[in-house]
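Overview (structure and organization)
Residue strings, one per chain:
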Amino acid sequence: QQDSDADGAGDACDLDFDEDEVLNALDNCPLHANPTQSNVDGDRFGDACDPDDDNDGMPDGWEADNGFDPLLAADGGTDSDGDGYAL
């Protein structure tokens, strides 16, 4: 039997895989602890497991590596990094 969080309780019996005190059925990131259920862009993925927190089509890691703010969408003329360009 599978045990996603290795807590000794099989997945069929485990109601909180990531042990963040939010039940799997209500958790927007059931495999990653996200106790506040933070979700900056309002999509179905919580920030703890969302590869694009601002939902602008650019992965957070790429944005951070290239001087953009991964929590601020760079669309519609928004200058997320203050360089004078929308992207």
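You'll find the structure just up there.
Here is a short report on the structure shown in this document.

Reading guide: rules and limits
- Residues numbered from 1 in each chain as written.
- Predicted model: local features only at pLDDT ≥ 70, side-chain atom pairs only at ≥ 80, totals over all residues.
- Heavy atoms only, no water.
- Helix = DSSP H or I, 4+ residues; strand = E, 2+ residues; numbered from the N terminus.
- Buried < 20%, exposed > 50% of the residue type's maximum accessible area, 1.4 Å probe, protein only.
- Contact = heavy atoms within 4.5 Å.
- Areas by Shrake-Rupley, 256 points an atom, 1.4 Å probe, with all protein chains shown as cover.
- Disulfide = S-S within 2.5 Å.

Across its full length, the protein holds one helix and zero strands. Counting across all 87 residues of the protein, residues that qualify as buried make up 33%. Contacts in the protein between residues far apart in sequence, at least 24 positions, make up 3% of those at least 6 positions apart. Surface accessibility of the protein: about 5400 Å² in total, with carbon and sulfur atoms responsible for 54%.

For the rest of this paragraph, the subject is the environment of glycine 57. Inspection of the secondary structure puts glycine 57 in the segment before helix H1 (60–65). Each C-alpha atom, one on glycine 57 and one on alanine 73, is 8.7 Å from the other, the two residues being 16 residues apart in sequence.

Turning next to the state of the cysteines. Applying the stated rule across the entire model yields one disulfide. The disulfide that involves cysteine 29 links it to cysteine 49, with 2.0 Å between the sulfurs. Its S-S torsion of about -90° marks the bond between cysteine 29 and cysteine 49 as left-handed, since a negative value means left-handed. Taken as a pair, cysteine 29 in the segment before H1 and cysteine 49 in the segment before H1 lie far apart in primary sequence, 20 residues in all.

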